[in-house]
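Residue-level structural notes
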Amino acid sequence: MAVVRGSCHCGNVRIEVPDPPTWVADCNCSLCRRLAWRVAYFPPEQVQISGETTAYIWGDRMIGIHHCPVCGCGTHWESLGEDFGKMGVNARLLDDFDESTIEVRKFNNADN
Ligand SMILES: [Zn+2]
C-alpha cells in the first residue's frame, strides 16, 4: 500500500486513498462533462475524507456528488443507500496526479 493524499484547492477537504489509481474514468454524462472529473474508484472503507463537503443529488438520487463548499472543487461521490462496493474520488485532487501517465477510460453515459 502506498497511501496517496490529496485536497481541494483551499485545503478544507482532505482525501486519502490506499494506492495511486491505475486508471481513471472520463465520463460524458450531463454532470461529469461539465465538471471534468477524472474518477478513480475505491472501496468506501479504504477512503478517508475529512472536512466539510456539500452533496449534490439529482436524477435517480442514487449517489451524492460532493464538493467543497468553500472553493467548489468536486471531491468524491458516494452511494446514498445501495452498496456499490465502491465510491468515486476525483483523482484531479490527488497529489501528483498526471493524467498523461495513466490510463483514461472513456465512459459513455451521455444519456444520463
Ligand atoms: Zn476547498
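The structure displayed is predicted, hence computed values, not measured ones.

**Observations regarding the overall build of the protein chain**
When helices and strands are counted, the protein chain shows 1 helix and 10 strands. Its helices and strands in sequence order give the protein chain the pattern β-β-β-α-β-β-β-β-β-β-β, from N to C terminus. Relative to the compact-globule value of 13 Å for 112 residues, the protein chain shows a C-alpha radius of gyration of 13 Å, a close match. Dimensions of the protein chain along its principal axes, counting C-alpha atoms only, are 35 × 30 × 25 Å. Across the 112 residues in the protein chain, those meeting the buried criterion constitute 34%. A fraction of 56% describes how many contacts in the protein chain between residues 6 or more apart in sequence connect residues 24 or more apart. In the form shown here, the protein chain has an accessible surface area of approximately 6600 Å², with 46% of it arising from carbon and sulfur atoms.

**A closer look at the coordination of the zinc ion**
For the zinc ion, the protein coordination sphere consists of Cys8 (SG), Cys10 (SG), Cys68 (SG) and Cys71 (SG), at 2.3 to 2.4 Å. Angles of 106 to 115° at the metal separate the 4 donor atoms of the zinc ion, which places the site in the tetrahedral class. Positions of the donor residues of the zinc ion along the chain correspond to the pattern C-x1-C-x57-C-x2-C. Here Cys8, found in the loop between β1 (4–7) and β2 (14–17), pairs with Cys68, found in the loop between β7 (63–67) and β8 (74–79); they are 60 residues apart in sequence, far enough to count as distant. Across this residue pair, the class does not change: Cys8 and Cys68 are buried.

**Examining the UniProt feature "domain: CENP-V/GFA" (unreviewed entry) in the protein chain**
The positions UniProt marks with the feature "domain: CENP-V/GFA" (unreviewed entry) are residues 4–112. Taken end to end, residues 4–112 is 4% helix and 39% strand, and its two terminal C-alpha atoms sit 31 Å from one another.

**Considering the side chain of Thr75**
Mapped onto the elements of the fold, Thr75 is located in strand β8. What Thr75 contacts, discounting residues up to four positions off in sequence, is Val13, Ile15, Trp37, Thr53, His66, His67, Cys68, Val89, Asn90 and Leu93.

**What to know about the pairing of strand β9 (residues 87–90)**
Where burial is concerned, the two faces of β9 agree: the one with Met87 and Val89 and the one with Gly88 and Asn90 are both buried. Strand direction decides the pairing type here: strand β4 (residues 39–42) and β9, joined by 4 bridges, are antiparallel. Its bridge partner being in β9, Ala40 is matched across the sheet by Val89. In this structure, β8 lies alongside β9, joined through 2 bridges in antiparallel fashion. Following the sheet pairing, His76 is matched in β9 by Val89.

**Focus: unusual backbone geometry**
Look at Ala36: it is not a glycine, yet its phi comes out positive at around 60°. Tracing the backbone shows Ala36 in the loop between α1 (32–35) and β4. A positive phi angle, close to 65°, is found at Asp96, a residue other than glycine. Of note, Asp96 is situated in the loop between β9 and β10 (103–107).

What counts, and where the lines are drawn
- Residues numbered from 1 in each chain as written.
- Predicted model: local features only at pLDDT ≥ 70, side-chain atom pairs only at ≥ 80, totals over all residues.
- Heavy atoms only, no water.
- Helix = DSSP H or I, 4+ residues; strand = E, 2+ residues; numbered from the N terminus.
- Rg over C-alpha atoms; globule rule 2.2 N^0.38 Å.
- Buried < 20%, exposed > 50% of the residue type's maximum accessible area, 1.4 Å probe, protein only.
- Contact = heavy atoms within 4.5 Å.
- Areas by Shrake-Rupley, 256 points an atom, 1.4 Å probe, with all protein chains shown as cover.
- Donors = N, O, S within 2.8 Å, 3.2 Å for Na, K, Ca; no water.
- Tetrahedral: all angles 85-135°; square planar, octahedral: opposite > 155°, others 65-115°.
- UniProt positions renumbered as here; feature names shortened; annotations may be inferred.
- Pairing = 2+ DSSP bridges.

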